[in-house]
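Residue strings, one per chain:
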Amino acid sequence: MSQNLRLLWLQSGGCGGCTQSLLCHERPLFAELAGAGIDFLWHPGLSPASGPEALQILEDAASGAAPFDILCIEGAMLRGPAGSGRFHLLGGSGKPMTDWVARLAARARWVLAVGSCTAYGGLSAATPGNPLEACGLQYEGNGKGGLLGREFRSGAGLPVINIAGCPTHPGWIVDTLETLAQGGLVEDELDELGRPRLYADQLVHHGCSRNEFYEFKASAEKPSDLGCLMENLGCKGTQAHADCNTRPWNGAGSCLKGGYPCIACTEPEFENPGHPFLETPKVAGIPIGLPTDMPKAWFVALAALSKSATPHRVKENALADHPRVLPVQKKTGLK
Amino acid sequence: MSRRILGPFNRVEGDLEVILDLDAGQQVAAARVNSPLFRGFEQLLLGRAPLDALAIVPRICGICSVSQSVAAASALAGAMDIRPTANGARATNLILAAENLADHLSHFYLFFMPDFAHPAYAGRPWYEATASRFAALRGSAAGQALPARAGLLKLMGFLAGKWPHSLGLQPGGTTRALGASEKIRVLAQLRECRAFLETTLLGDRLEALAGLDSPAALAAWAAGRPGDFPAFLALAADLGLERTGRAYDRFLSHGAYPEDGAPLFPAGFWQPDQGLTPLAPEQISEDSRHAWLVDEEGPLHPRNGLTRVEAEKEGAYSWCKAPRYAGQPLEVGALARQLVAGQPLLQELVRRQGASILARVTARMLELARVLPAMEGWARALEPGQAYCAPGTLPNEGQGAGLVEAARGSLGHWLEFRRGRISRYQVIAPTTWNFSPRDSRDQPGPLEKALEGLPAGPEAPPLVQHVVRSFDPCMACTVH
Ligand code: SF4
Ligand code: SF4
């Protein structure tokens, strides 16, 4: 038991959805984590200890009296009003959550920011003027900084591990935790925004069931249409880093399978896209958010070409909510 | 008089602090409920495109994310003057019901029952079995309940893309049309869920529990029956949980799950002595007297509501406003919904002894038993090839209200937009009702009232914990 990793989890400026999502894990969660060598020291939503008993666990961890390994924070850091941290005083302690997190982070071997709020500020920082003074653990939107500062390193020598996503997929968290239990994680396994590459090396676009529509620029025009959501409905799947279309959500889903665009919830500042979420900003009819890795001239040329070559089936089905024109049956045998 | 501060109050959704003033006999003389976290979503929405609400409001709350979406979609549908298609309405019911039932399971297995594994109960005849089954993180029940909950939420993978935080709920319906095979998968998933409820939780057919019409019938049904809910009923009888946790005995429901014409559970306002009266939404107001928010000119209807921070305010002790109905505090939740819907067992229970821990938990179980069969019906009624989402156009100016039922009770969104931008957005969440602070007339909120008189000294059994959790609070919503 004693070499098991001890995991301490706290929640602040967020919706609690990353924990709720975690509980959707495919397999019995507690047994899997225990089997992988991870024990919960305390989690506000799951643990038995309450009130003074819980505060004692946190105090011992923060003072160093009871060493622990992993600190998971869920929710943005609320520094307001006026730097006081009073927008979130940890219940029963009278002290700002930001103070608790700073003290605990200094003792943890690894610090995980669970969810985009915690990583970059997310929706909690999106109120005009940011009156909550919300920020991420080591980022403030796109910029480094945040509560712990750009130079922060946890005991194991790593920056904050940003499991970005709004919410996070349970697999992203579980696989990251179990990587730590397997002997750690090296900096090269994080991308340049601090996200575990085990899910952030892919683009959402990879494996999207709408790829055929994308190829022919056969685009959806209204919610529930089957076509590609990039041209009109704001899809950022060709730019957003995550494996949402190859790692199923809730057994069989993804945003795109669900019929709505990727709003790039794993990216810093996704919450303020500068345009309505469900519309694609365009200049002269061309989407301004072009696919990562694709020069604009190519895109324009390819789009024109593929539009001119769109099969009837693809064109028709793009504007319907279930296929109206079916693939033809080859009568001569497949070659 | 002495004071106890309970916090962080865990195994609730979000952060909570309860301040108790105890009398000489160590009983609660007065309770104050503090929601210690502020989130500010109502300001965040100002100036956004109206349809952006569909992306933003689910993120108010990770546990009732879909309920938020449905409220916003319904407020927008009002402003657009459209109605969801028949398939869209059925799919919305399925999605909302999946969330609500999953929340009931989380509440029972993860939040509520582990308190009975508390060492204070060592020595009760049921203690050993309860502790080994329900102890937090270690008990045997979670290993079964979490996969069952995840299974129910697999409906989201088919119908809503993902959970939480789906953009699939739209004013005109839903964005995901099911194919023939997916409809079969949804029905199979519902069968699996039924099997868990009947074998593990209830120990009987859903219909058998749903048909019980009196507390006596419930007691007879439960005697000696295997199953986690019957096990709870046995310990509840031992501890007298039918006598603990009464608040004001005034109950409100916005009505849930619209079906062609009438909803599955109707809207209304119910009191034990006066019975049912129709819901009068214009009677709703919010009072900021004891919140760290500007008082404005007294309580306001949410249609005209404002949310402006005043962090240094005399007499304030929470970030939560105090919603009132005709000036009175009231209780929302599964119990309220079932009382308004005329469930005879619960009505008799509340008429006799008032609302209680037992009544609130039993109401959730009855809902599981009543809603799952309805879900099977909605899934079977999905018509292949028919539209799921009606098109619509958003006017430049407009307003709307979306009144729905989340697992924890009545949720309302009030929206107004001008020149294509949101100019006002007000939310009243279920726990805002139940865990409200005092108001300008110093009336305690429902939980504050329910805690009065309970033993709460250092040696007391965890009754306060049971009462707080019997409401299934969600603080993230409360402090939107
Ligand atoms: S909908 Fe988005 S993710 Fe899917 S193919 Fe189109 S651009 Fe790619
Ligand atoms: S598809 Fe895009 S918006 Fe949806 S969960 Fe993945 S990254 Fe987030």
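Residues numbered from 1 in each chain as written. Chains lettered and ligands numbered in written order. Predicted model: local features only at pLDDT ≥ 70, side-chain atom pairs only at ≥ 80, totals over all residues. Heavy atoms only, no water.

Asker: Now, about the overall build of chain B: what can you tell me, with residues and values included?
Answerer: Broken down by element type, chain B carries 17 helices and 15 strands. Dimensions of chain B, computed from C-alpha atoms along their principal axes, come out at roughly 65 × 55 × 40 Å. Looking at chain B residue by residue over its 480 residues, the buried ones come to 68%. Partitioning the contacts of chain B with sequence separation of at least 6, the portion at a separation of at least 24 is 70%. Summed over its atoms, the accessible surface of chain B is roughly 14900 Å², and 51% of this surface lies on carbon and sulfur atoms. The averaged location of the 48 negative side-chain charges in chain B is 4 Å from the averaged location of its 47 positive side-chain charges. (Helix = DSSP H or I, 4+ residues; strand = E, 2+ residues; numbered from the N terminus. Buried < 20%, exposed > 50% of the residue type's maximum accessible area, 1.4 Å probe, protein only. Contact = heavy atoms within 4.5 Å. Areas by Shrake-Rupley, 256 points an atom, 1.4 Å probe, with all protein chains shown as cover. Lys, Arg positive; Asp, Glu negative; His and termini not counted. Charge placed at Lys NZ, Arg CZ, Asp CG, Glu CD.)

Asker: So, the packing of helix α3 (residues 51–63) of chain A against helix α4 (residues 97–105) of chain A: which residues are in play, and what are the values?
Answerer: All names here are of chain A. Axis separation between α3 and α4 bottoms out at 7 Å; the angle between their running directions is 45°. Taken together, the axes of α3 and α4 lie oblique to each other. The element α3 and its partner α4 pack so that their crossing is left-handed. Residues Leu55, Leu58, Glu59, Ala61, Ala62 and Ser63 of α3 lie in contact with α4, whose contacting residues are Trp100, Arg103 and Leu104. Residue classes in the contact of α3 with α4 are distributed as six nonpolar, one polar and two charged. (Axes fitted to C-alpha atoms, helices over the stretch in contact; angles between N-to-C directions. Parallel < 35°, antiparallel > 145°, perpendicular 65-115°, else oblique. Left-handed = near helix turned anticlockwise from the far one by under 90°. Nonpolar A, V, L, I, M, F, W, Y, C, P; charged D, E, K, R; others polar.)

Asker: Describe the site of ligand 2, with residues and values.
Answerer: Contacts to ligand 2 come from Val204(A), Cys244(A), Trp249(A), Cys255(A), Leu256(A), Cys262(A), Ile263(A), Ala264(A), Cys265(A), Thr266(A) and Lys162(B). In this structure, ligand 2 is bordered by residues of chains A and B. Of the residues in the shell around ligand 2, the class split is nine nonpolar, one polar and one charged. (Near = heavy atom within 4 Å.)

Asker: Can you tell me about the site of ligand 1, naming the residues and giving the values?
Answerer: The full set of residues close to ligand 1 is His205(A), Cys208(A), Arg210(A), Asn211(A), Tyr214(A), Cys228(A), Leu229(A), Met230(A), Cys235(A), Gly237(A), Thr238(A) and Leu256(A). Tallied by class, residues from the shell around ligand 1 come to seven nonpolar, four polar and one charged.

Asker: I'd like a rundown of the domain arrangement of chain A, residues and numbers included.
Answerer: Buried accessible area, meaning the area lost when the parts come together, often serves as the stated size of an interface. All names here are of chain A. When its domains are assigned, chain A resolves into domain 1 (5–199) and domain 2 (202–321). A straight line from the C-alpha centre of domain 1 to that of domain 2 covers 32 Å. Listed per partner, the contact involves 24 residues of domain 1 and 18 residues of domain 2. Here domain 1 meets domain 2 over a buried area of about 1600 Å², counting both sides, of which 55% is carbon and sulfur. One can count two salt bridges joining domain 1 with domain 2. A salt bridge links Arg195 to Glu267; the shortest N-O distance between them is 3.0 Å. Where domain 1 meets domain 2, there are eight residue pairs in polar contact (both at pLDDT 80 or more). Among the elements of the structure, α5 (116–120), α6 (170–181) and α7 (197–200) are those that each provide at least two residues to the side of domain 1 that touches domain 2. Here the side of domain 1 that touches domain 2 gets three residues from one element, more than from any other, and that element is α6. When the residues that make up the side of domain 1 that touches domain 2 are grouped by side-chain class, the tally is eleven nonpolar, nine polar and four charged. (Domains from an automatic or database assignment. Buried area = accessible area lost by both parts, 1.4 Å probe. Salt bridge = Lys/Arg side-chain N within 4 Å of Asp/Glu carboxyl O. Polar contact = N/O pair within 3.5 Å; in protein donor to acceptor, adjacent residues only side chain to side chain.)

Asker: Outline the nonpolar core, supporting the account with residue identities and numerical values.
Answerer: By size, the foremost hydrophobic cluster in this structure holds 243 residues, and its most contacted members are Phe232(B) and Met375(B). With 15 residues, the single largest contributor to this core is helix α13 (residues 357–381) of chain B. Here this core gathers at least three residues from each of two domains, domain 1 (5–199) and domain 2 (202–321) of chain A. Not counting residues up to four positions away in its chain, the partners in contact with Phe232(B) are Phe108(B), Phe112(B), Met113(B), Phe116(B), Leu241(B), Leu358(B) and Val361(B). Counting residues in each nonpolar core, the second largest holds 13 residues, with Phe87(A), Leu132(A), Trp292(B) and Leu293(B) among its members. (Core = buried A, V, L, I, M, F, W, Y, C linked by side-chain atoms within 4.5 Å.)

Asker: Give me the sheet that holds strand β9 (residues 268–271) of chain B: which residues, what numbers.
Answerer: All names here are of chain B. The sheet built from three strands is open, its strands ordered β6-β9-β10 with antiparallel pairing. Pairing within the sheet leaves two strands with one partner each, and these edge strands are β6 (251–253) and β10 (275–277). Strand-to-strand twist of the sheet, defined as the mean angle between neighbouring strand axes without regard to direction, takes the value 25°. Where β6 meets β9, three bridges bridge the pair, whose relative direction is antiparallel. (Pairing = 2+ DSSP bridges.)

Asker: With reference to specific residues and values, describe the sheet that holds strand β1 (residues 5–11) of chain A.
Answerer: Residues and elements named next belong to chain A. Reading across from one edge, β2-β1-β3-β5-β9 is the order of the five strands in this open sheet, with parallel pairing throughout. Both outer strands of the open sheet, β2 (38–42) and β9 (161–163), are each paired with one neighbouring strand and no more. Each neighbouring strand pair of the sheet contributes to a mean axis angle of 25°, computed without reference to strand direction. The sheet contact formed by β1 and strand β3 (residues 70–74) spans five bridges and is parallel. In the strand pairing of β3, Leu7 is matched with Ile70.

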